[in-house]
Amino acid sequence: MQILNWPSLTEDARKAALCRSPLIGDATLEQDVLAIVNEVQISKDAALKDYSRKFDGVTIEELKLSAAEIDQACKRVDEEIKLAVNQAINNIDVFHQAQKFEPVSVETQKGIRCELRSEPIEKVGLYIPGGSAPLISTVLMLALPAKIAGCEQRILVSPPPINDAIVYAANACGITEIFQVGGAQAIAALAFGTESVPAVDKIFGPGNRYVTEAKRIVSQDSRCVVSIDMPAGPSEVLLIADSDANAEFIAADLLSQAEHGPDSQVMLVTDSAELADEVNLALARQLEALPRGDIARVALESSRTLLVENVEQAAMVSNLYGPEHLIIQTREPRAVLKNIRGAGSVFLGAYTPESVGDYASGTNHVLPTYGYSRAVSSLSLADFSRRFTVQELSAEGLIGLSQTVMTLAAAEQLDAHKNAVAVRIASLNAAATSDARGV
């Protein structure tokens, strides 16, 4: 990877050093994806089948997998994969069960009760990338939280032909509706609905830049009402290391993300020039044995090593970048963690490769990319629910709050707001007068 000395860079050069891959966000992307979205909205199933022939080279008769097809696919999965999936399910389940929402109910002042409640989103669409690297683990990261949250309808889509292990993982997580459709067209189908694919309330899942752009477009389209989990596109990692770090470990971690796709990006930030050189040598050695080496090499062309003065400056650089994955391999990784402000998921120490979070440690691997981790959180159980507030006032409570509300409403020149309180106070006063006369 190219090695740059951070302290010597100009402000513009620093911004350029932290730029994502040039493969992301090309000028024609929006128009290409919008054309696909519009065609699916108009032609529905027919468009999905046409795009499967065009993009996937697969002719699809029925978009939805039947119960028999699901059963047959599950039987074909190797027992070793089943055991691995089941152990991952256990860990992910434990971590996400612990995130269950506890309702909030407080009395803010006498006679005024405020509550925060949560209800599952009824219909969710789960996008599972396929293609050259079918992401079995993403099924677990989406389907398990959706099930734990209590989402009624959980629809899974993935490019055809769907890998048997994806089907097995979906089935193990309680998914019964699986559709053979991928890419931007799958996102459009989930947003608008087709003859076969139901429209959903929220779309989850990572994907390439076409999927990410499609999610953005449908979430802003007035023709449908659908939300998305987060901006989650091509994978990226930033690794902070000091002179004690193992160059072979670092190279392996960088390549584990670079192999995702040519538009992935990996960054090394270190205070050791010697380590930077060792990592480049280790990358060259490990690339030779990597089946997806050609893909990783393209990703490395848009990746960099940044030399900093110390690990404190490394944390500052990481915060500017806002990585999807952040690996900290230093003498005292938790000391560095104290200075981290934005990252999708953090991996501490020499024996915590990013791979464990991708598969089976228990945390979720659906994370914000493009620097959005500075403001957007990693996926959690809360994303599969919507929270709403409740308030209940007694007559005493309204009387105690009435003057405050009427004063503020009058200051905002919203007389109807003021009157909604005033008529109630007048009614209470009249009732009190009547009671007094009766006595």
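Computed from a predicted model, the values in this text were never measured in an experiment. (Residues numbered from 1 in each chain as written. Predicted model: local features only at pLDDT ≥ 70, side-chain atom pairs only at ≥ 80, totals over all residues. Heavy atoms only, no water.)

### Considerations on the nonpolar core
A general trend in soluble globular proteins is that nonpolar side chains are found buried together.
Here is step 1: Ranked by internal contacts, the top residues of the largest apolar core, which has 40 residues, are L126, V139, L140, V167, I178 and F384.
Here is step 2: Considering every element that reaches this core, the biggest residue donor is helix 6 (residues 136-149), with nine residues.
Here is step 3: Every residue in contact with V167, bar those within four places of it in the chain, is listed here: L65, I70, A73, C74, I162 and I178.
Here is step 4: Of all hydrophobic cores here, the second largest spans 33 residues; its members include L48, V58, A188 and V197. (Core = buried A, V, L, I, M, F, W, Y, C linked by side-chain atoms within 4.5 Å. Buried < 20%, exposed > 50% of the residue type's maximum accessible area, 1.4 Å probe, protein only. Helix = DSSP H or I, 4+ residues; strand = E, 2+ residues; numbered from the N terminus. Contact = heavy atoms within 4.5 Å.)

### What about the packing of helix 5 (residues 79-97) against helix 6?
Here is step 1: Helix 6 packs onto helix 5 with a crossing angle of 40 degrees between their chain directions and a minimal axis gap of 10 Å. Considering their axes alone, helix 5 and helix 6 lie oblique with respect to each other. Handedness of the crossing formed by helix 5 with helix 6: right-handed. Here V85, A88, I89, I92, D93, H96 and Q97 of helix 5 lie close against helix 6, whose contacting residues are I136, L140, M141, L144, P145 and I148.
Here is step 2: Residues belonging to the contact of helix 5 with helix 6 are distributed by class as follows: 10 nonpolar, two polar and one charged. (Axes fitted to C-alpha atoms, helices over the stretch in contact; angles between N-to-C directions. Parallel < 35°, antiparallel > 145°, perpendicular 65-115°, else oblique. Left-handed = near helix turned anticlockwise from the far one by under 90°. Nonpolar A, V, L, I, M, F, W, Y, C, P; charged D, E, K, R; others polar.)

### Considering the packing of aromatic side chains
Here is step 1: Summed over the entire model, instances satisfying the criterion amount to four aromatic pairs.
Here is step 2: With centroids separated by 5.4 Å and ring planes inclined at 0 degrees, the aromatic side chains of Y51 and F55 adopt a geometry described as stacked. Residue Y51 and its partner F55 are both found in helix 3 (residues 45-56); the two are separated by four residues, about one turn of the helix.
Here is step 3: Taking 6.2 Å as the distance between ring centres and 65 degrees as the angle between the ring planes, the aromatic pair formed by F249 and Y351 counts as edge-to-face. (Phe/Tyr/Trp six-rings, centres within 6.5 Å; stacked < 30°, edge-to-face > 60°.)

### Some points on the packing of helix 5 against helix 7 (residues 164-172)
Here is step 1: Across the interface, helix 5 lies against helix 7 with an axial gap of 11 Å and an inter-helix angle of 40 degrees. One finds that helix 5 runs oblique with respect to helix 7. Note that helix 5 runs across helix 7; the crossing there is right-handed. Across from I81, K82, V85, N86 and I89 in helix 5, the residues of helix 7 making contact are A165, Y168, A169 and A172.

### Quick word on the environment of G174
Here is step 1: With respect to the secondary-structure elements, G174 resides in the loop between helix 7 and strand 6 (177-180).
Here is step 2: Judged by its relative accessible area of 26%, G174 is partly exposed.

### Re the environment of Y210
Here is step 1: Within the secondary structure, Y210 sits in helix 9 (residues 209-219).
Here is step 2: Along the chain, Y210 and L29 lie 181 residues apart, while their C-alpha atoms are 7.2 Å from each other.
Here is step 3: Residues in contact with Y210, not counting those within four places in the same chain, are L29, V33 and A184.

### Brief notes about the pairing of strand 5 (residues 153-158)
Side chains on a regular strand alternate between the two faces of the sheet.
Here is step 1: Along strand 5, five of the six residues are buried, which leaves the element largely enclosed by surrounding structure.
Here is step 2: Both strand 4 (residues 123-127) and strand 5 contribute to a ladder of five bridges, which runs parallel. Each bridged residue has a counterpart across the sheet, and for K123 the counterpart in strand 5 is Q153.
Here is step 3: Alignment of strand 5 against strand 6, held across four bridges, turns out to be parallel. (Pairing = 2+ DSSP bridges.)

### Quick look at the side chain of D242
Here is step 1: As for its position among the elements, D242 is in the loop between strand 9 (236-241) and helix 10 (247-258).
Here is step 2: A relative accessible area of 2% places D242 in the buried class.
Here is step 3: In terms of polar contacts, D242 uses its side chain to reach the backbone amide nitrogen of R331, at 2.8 Å.
Here is step 4: Excluding residues that lie within four positions of it along the chain, D242 makes contacts with T270, D271, L275, V311, Q329, T330 and R331. (Polar contact = N/O pair within 3.5 Å; in protein donor to acceptor, adjacent residues only side chain to side chain.)

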